[in-house]
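Analysis of the macromolecular model
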Amino acid sequence: MNVLVIGASRGIGLEFVRQYRAAGEGVWATARSEEGLAVLRTLGASAIALDVASAESASRLGWQIEGLHFDTVIVCAGVFGPRTSGLQPPSEAEFDAVMHTNVLGPMRVIPQLADALAPGAKLAVLSSRMGALGARTSTSGWLYRASKAAVNSVLKDASIALAGRAVCVSFHPGWVQTDMGGTGAELPVQDSVADMRRVLSGLASTDNGRFLNHDGSTIDW
Ligand SMILES: NC(=O)c1ccc[n+]([C@@H]2O[C@H](COP(=O)([O-])OP(=O)(O)OC[C@H]3O[C@@H](n4cnc5c(N)ncnc54)[C@H](OP(=O)(O)O)[C@@H]3O)[C@@H](O)[C@H]2O)c1
């Protein structure tokens, strides 16, 4: 199986690379720093330089993966942005950094993947339960929440455009012990990724366009 992990220098993306390599899969993975690329090579992945917030960098992805076909693609790159609790307006720079990474990034990357998807491929975007509107009771990190609600819309459109060719899902990975989640988070990164790998391997065409918790249960948009 061929796997592509977008945003894999650390955290959840890096753990996907570790686990898929340990399972003997062919892994292509992206990082935006030399240091991150070196870590990926050490794990036996084919490393691709990519900054999803840069139009110029993102435009190179298509030819970097030309001729390859992926059975599973996971878009992990993301930033949290300002850790607000109420309705503090973000600066324009904060807004741009979060939206360009979490929303514009997938909107740039996903179209370039269309020709590189193996028949019946699985395409997952790491969203967050914080983006869900229905069950919301907190306003913490409202810029991040807005970005994840927006990327859910992006994923839904991708699922419609790629229907019949790929199964596209939006994932909440859990509250995970990474730089973003912090040491007090609920889930070890190994467990979150093991859960999502299991869910990905069992996805059927009827799952296309769903918003899933890491354990496979449905999350209300
Ligand atoms: N951890 C949680 O509890 C949690 C919960 C819900 C959802 N998520 C989502 O899961 C995903 C991964 O989170 P994480 O916990 O692994 O975060 P993390 O430990 O902070 O890692 C973030 C990753 O995204 C990459 N990235 C950031 N900006 C990028 C850009 N412009 N281009 C390419 N890569 C970029 C980082 O690369 P650099 O090393 O170059 O910065 C790093 O590899 C994110 O989308 C996050 O929103 C996480």
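Worth saying up front: this structure is predicted, and the values here are computed from it rather than measured. (Residues numbered from 1 in each chain as written. Predicted model: local features only at pLDDT ≥ 70, side-chain atom pairs only at ≥ 80, totals over all residues. Heavy atoms only, no water.)

**Here's the deal with the pattern of salt bridges**
- Under the definition given, this model contains 5 salt bridges.
- Salt-bridge contacts for Arg198 lead to Asp195; the nearest nitrogen and oxygen are separated by 2.9 Å. With Arg198 and Asp195 both in helix H7 (residues 189-201), this residue pair falls 3 residues apart, about one helical turn.
- We classify Arg198 as exposed; its relative accessible area is 52%.
- When its relative accessible area of 14% is taken as the criterion, Asp195 is described as buried.
- Among the salt bridges present, the one from Asp207 reaches Arg210, with a minimum N-O distance of 2.6 Å.
- The partly exposed category is assigned to Arg210, whose relative accessible area is 25%. (Salt bridge = Lys/Arg side-chain N within 4 Å of Asp/Glu carboxyl O. Helix = DSSP H or I, 4+ residues; strand = E, 2+ residues; numbered from the N terminus. Buried < 20%, exposed > 50% of the residue type's maximum accessible area, 1.4 Å probe, protein only.)

**So, the packing of helix H1 (residues 11-22) against H7**
- At a minimum axis distance of 9 Å, the contact between H1 and H7 shows a crossing angle of 65 degrees. Considering the relative orientation of H1 and H7, their crossing is right-handed. Contacts from Gly11, Ile12, Glu15, Phe16, Gln19 and Tyr20 in H1 reach Val189, Gln190, Val193, Ala194, Met196, Arg197 and Leu200 in H7.
- Taken together, the residues of the contact of H1 with H7 sort by class into 8 nonpolar, 3 polar and 2 charged. (Axes fitted to C-alpha atoms, helices over the stretch in contact; angles between N-to-C directions. Left-handed = near helix turned anticlockwise from the far one by under 90°. Contact = heavy atoms within 4.5 Å. Nonpolar A, V, L, I, M, F, W, Y, C, P; charged D, E, K, R; others polar.)

**Some thoughts on the side chain of His214**
- Mapped onto the secondary structure, His214 falls in the segment after strand E7 (210-213).
- Residue His214 is classed as buried on the basis of its relative accessible area of 13%.
- For His214, the side chain forms a polar contact with the side chain of Asp195, separated by 2.8 Å.
- Leave out the neighbours within four places in its chain, and His214 touches Phe171, His172, Pro173, Gly174, Leu187, Ser192, Asp195, Met196 and Val199. (Polar contact = N/O pair within 3.5 Å; in protein donor to acceptor, adjacent residues only side chain to side chain.)

**A look at the packing of aromatic side chains**
- This model, assessed by the stated rule, comprises 4 aromatic pairs.
- Pairing Phe211 with Trp221 gives two aromatic rings, centres 5.1 Å apart and planes at 25 degrees, and the pair type is stacked. Pair noted here: Phe211 is in strand E7 and Trp221 is in the segment after E7, with a separation of 10 residues, a long-range link.
- Taking NZ or CZ as reference, Arg197 lies 5.0 Å from the ring centre of Tyr20, over its face. (Phe/Tyr/Trp six-rings, centres within 6.5 Å; stacked < 30°, edge-to-face > 60°. Lys NZ or Arg CZ within 6 Å of the ring centre and 35° of its normal.)

**Brief notes about the pairing of strand E5 (residues 117-126)**
- Counting buried residues along E5, 8 of its 10 residues qualify, which places the element largely inside the surrounding structure.
- Relative to E5, strand E4 (residues 70-75) runs parallel, the two being bridged by 5 bridges. Bridge pairing in E5 places Ile74 opposite Ala124.
- A crossover links E4 with its parallel partner E5, the connecting element being helix H5 (residues 92-113), and its sense is right-handed.
- Two elements, E5 and strand E6 (residues 166-172), share 6 bridges in a ladder whose sense is parallel. In the strand pairing of E6, Lys122 is matched with Val167. (Pairing = 2+ DSSP bridges. Right-handed = clockwise from strand over helix to strand, strands pointing away.)

**Details of the site of the ligand**
- Close to the ligand lie 29 residues; Ser9, Arg10, Tyr144, Val176 and Thr178 are nearest.
- One of the side-chain N or O atoms of Arg10 is found 2.7 Å from an oxygen atom in the ligand.
- The backbone of Cys76 places a nitrogen or oxygen atom 3.0 Å from an oxygen atom of the ligand.
- Burial of the ligand by the protein amounts to 94% of the accessible area it has alone, namely 900 Å².
- Listed by contribution, the elements that provide at least two residues to the shell around the ligand are H1 and helix H6 (142-161).
- Partitioned by chemical class, the residues of the shell around the ligand number 13 nonpolar, 11 polar and 5 charged. (Near = heavy atom within 4 Å. Areas by Shrake-Rupley, 256 points an atom, 1.4 Å probe, with all protein chains shown as cover.)

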